[in-house]
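Descriptive analysis of the structure
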Amino acid sequence: MAQRYVRVKTTSGQIYYGKLQLNRTVGILDAPPWLNGKITDQVLNESEYHLLAPCAPSKIVAVGKNYAAHAAEMGGDVPKEPLIFLKPSSAVIAHGQKIIYPKQSQRVDFEGELALIIGDRTKKCTVEEAHGKIWGYTIANDVTARDLQKKDGQWTRAKGFDTFCPLGPWIVRELTSEAKLKTIVNEEYPPKQCSLLSNMVFSPEELVAYISQIMTLLPGDVILTGTPEGIAPLKIGDTVTVEIESIGMLTNEVEASPDIE
């Protein structure tokens, strides 16, 4: 099994990065792993922590219409260059946390995606250099208020609600392009989404290089690489799981927005 890197919060409130072992213990690192964090003598048992999102990015750069079939289902052509937008870091939640269905929307969709974790300060890098800038990979759900996306004409509100960026449950270092992505709602089969990562129009390396020509990427930043075809609405009470081979499964339940904020 590939090494799984996690970010955890202890029962007493401390936050650490660490390595998850097969017995679910976590060996604590003295810094984020992409900042050369070293293993310490501290070990947490499963009862002593809960998983957080595996990183705390300064920004999340997302990519639209990066699978041809998804571009078609959205009623458009494949962009000639990556179509990028930002999601706020405040949208991030962990595996197992609740997606809050906002009162402003009548249609909230799932979008299962591969997420890249940047390991080094990256500015104006080439495609050839980009692979070395990707520290690891995790799973994301680019939750989207589809009706607001269409209404607003730009995507900040539709993509930016709190809880609209589940990430996790951990990071792995290696991933084959032939890995398959699936999105499953309420454990019902066949999956709503099912695609090889190799179906991306622009590869992870091309995305990193392109984005780095526009903005400096910092260690721990996240790039969402786009979603395949099969997007569909979520309902309050649904459980949505995004699975990527060789990484794992990211599961979140949809909950109504509380009457009192």
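In this report, we go over the structure that sits alongside the text. (Residues numbered from 1 in each chain as written. Predicted model: local features only at pLDDT ≥ 70, side-chain atom pairs only at ≥ 80, totals over all residues. Heavy atoms only, no water.)

Regarding the overall build of the chain
Helix and strand content of the chain: five helices and 20 strands. Since a compact globule built from 261 residues should have a radius of gyration of about 18 Å, the 18 Å found for the chain is in line with a globular shape. Across its three principal axes, the chain shows a C-alpha extent of roughly 55 × 50 × 35 Å. For the chain, buried positions account for 52% of its 261 residues. Considering only contacts in the chain between residues 6 or more positions apart, those separated by 24 or more positions represent 71%. Of the accessible surface of the chain, which amounts to about 11,800 Å², a share of 50% is contributed by carbon and sulfur atoms. Counting 27 positive and 32 negative side-chain charges, the chain places the averaged centre of each group 3 Å from the other. (Helix = DSSP H or I, 4+ residues; strand = E, 2+ residues; numbered from the N terminus. Rg over C-alpha atoms; globule rule 2.2 N^0.38 Å. Buried < 20%, exposed > 50% of the residue type's maximum accessible area, 1.4 Å probe, protein only. Contact = heavy atoms within 4.5 Å. Areas by Shrake-Rupley, 256 points an atom, 1.4 Å probe, with all protein chains shown as cover. Lys, Arg positive; Asp, Glu negative; His and termini not counted. Charge placed at Lys NZ, Arg CZ, Asp CG, Glu CD.)

Some thoughts on the pairing of strand S11 (residues 112-118)
Here S11 lies mainly inside the structure; seven of its seven residues are buried. Note that S11 and strand S12 (residues 134-141) share seven bridges and pair antiparallel. Within S12, the position partnered with leucine 116 by the bridge is tyrosine 137. Bridge count for S11 against strand S17 (residues 222-224) is three bridges, and the pairing is antiparallel. Residue alanine 115 lies in a different strand from S17, and its bridge partner there is leucine 224. (Pairing = 2+ DSSP bridges.)

Examining the pattern of salt bridges
A complete count under the given rule lists 11 salt bridges for this structure. In this structure, aspartate 109 engages arginine 146 in a salt bridge whose closest nitrogen and oxygen atoms are separated by 2.8 Å. With aspartate 109 in strand S10 (residues 108-109) and arginine 146 in helix H3 (residues 146-152), this residue pair connects regions lying 37 residues apart in the sequence. Accessibility assignment for this pair places aspartate 109 and arginine 146 in one class, buried. Note that aspartate 142 is salt-bridged to lysine 159, the shortest N-O span being 2.8 Å. One end of the pair, aspartate 142, is in the loop between S12 and strand S13 (144-145); the other, lysine 159, is in helix H4 (residues 156-160), and 17 residues separate them in sequence. Judged by its relative accessible area of 2%, lysine 159 falls in the buried class. Residues joined in a network through salt bridges with shared partners are Lys87, Arg107, Asp109, Glu111, Asp142, Arg146 and Lys159. (Salt bridge = Lys/Arg side-chain N within 4 Å of Asp/Glu carboxyl O.)

Quick look at the packing of aromatic side chains
Per the counting criterion, the structure on display carries five aromatic pairs. Taking 5.0 Å as the distance between ring centres and 70° as the angle between the ring planes, the aromatic pair formed by phenylalanine 85 and tryptophan 155 counts as edge-to-face. Taken together, the positions of phenylalanine 85 in strand S7 (residues 83-87) and tryptophan 155 in the loop between H3 and H4 put the pair 70 residues apart, joining distant regions of the chain. Phenylalanine 85 gets classed as buried once you look at its relative accessible area, which sits at 12%. Considering the side-chain rings of phenylalanine 161 and phenylalanine 164, the 5.2 Å spacing of their centres and the 55° angle between planes classify their relative orientation as tilted. No difference in accessibility class separates phenylalanine 161 from phenylalanine 164, as the two residues are buried. (Phe/Tyr/Trp six-rings, centres within 6.5 Å; stacked < 30°, edge-to-face > 60°.)

So, unusual backbone geometry
A negative phi angle is the norm for most residues apart from glycine, just as the trans form is the norm for most peptide bonds. Following glycine 168, the chain continues to proline 169 via a peptide bond in cis, the omega torsion being 0°. At the junction of tyrosine 189 and proline 190, the peptide bond is cis and its omega measures out at 5° in the coordinates. By secondary structure assignment, the location of proline 190 is in the loop between strand S15 (180-185) and strand S16 (193-196). Its identity as a non-glycine residue notwithstanding, arginine 24 has a phi of 75°, on the positive side. Relative to the assigned elements, arginine 24 resides in the loop between strand S2 (15-20) and strand S3 (26-29). Residue arginine 24 is classed as partly exposed on the basis of its relative accessible area, which comes to 29%.

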